[in-house]
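Per-entry structural report
Read off the chains here:
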Amino acid sequence: QVQLVESGGGLVQAGGSPRLSCSASGRTSNSYTVGWFRQAPGQVREFVAAISSSGGIIDYADSVKGRFALSRDWAKITSYLQMNSLKPEDTAVYCCAVTPIWDGNRRSPIGYGYWGQGTQVTVST
């Protein structure tokens, strides 16, 4: 089992730059791909970004490309989602997830076996 805990969410003004963290515990390994997804009320879960186990490949959704930056700290087995230039449409619950592989399913929730509970990000105007 792998446990994931997100933190760093909250109420942010438009244009703000919060950083979300995803900490792993349990049967952890740095060989996992880490994905971030978000879900707004009444909407389907949406892919945000994913980072390969080596950190050498990072994939972003078009909606956040150029504004968000995903990274990982191997020593802390933690990933960070730096969010910049936030917009009201970025309001959602943000969740991290892990999978042992990097493939075409990295943009789909079905590609991930372990999930965190999520952290709410609310962007005010």
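Let me begin by describing the structure that accompanies this report. If you're wondering where the values come from, they're calculated on a predicted model, not measured in any experiment.

1. Focus on the sheet that holds strand E1 (residues 2-7)
Sheet architecture is open: four strands sit in the order E1-E3-E8-E7, paired in antiparallel fashion. The two strands at the open ends of the sheet, each matched to only one other strand, are E1 and strand E7 (68-73). Taking the axes of each pair of neighbouring strands and ignoring which way they run, one obtains an average angle of 15° across the sheet. Of the strand pairs in this sheet, E7 and strand E8 (residues 78-83) are connected by six bridges, and their pairing is antiparallel.

2. Some points on the pairing of strand E4 (residues 33-39)
The buried count for E4 comes to six of seven residues, which makes it a mostly enclosed element. Both E4 and strand E5 (residues 46-51) contribute to a ladder of five bridges, which runs antiparallel. When the bridges of E5 are listed, Trp36 appears paired with Ala49. Between E4 and the antiparallel strand that follows it, E5, lie six residues; Gly42 among them carries a positive phi value of about 75°.

What counts and what doesn't
- Residues numbered from 1 in each chain as written.
- Predicted model: local features only at pLDDT ≥ 70, side-chain atom pairs only at ≥ 80, totals over all residues.
- Heavy atoms only, no water.
- Pairing = 2+ DSSP bridges.
- Helix = DSSP H or I, 4+ residues; strand = E, 2+ residues; numbered from the N terminus.
- Axes fitted to C-alpha atoms, helices over the stretch in contact; angles between N-to-C directions.
- Buried < 20%, exposed > 50% of the residue type's maximum accessible area, 1.4 Å probe, protein only.

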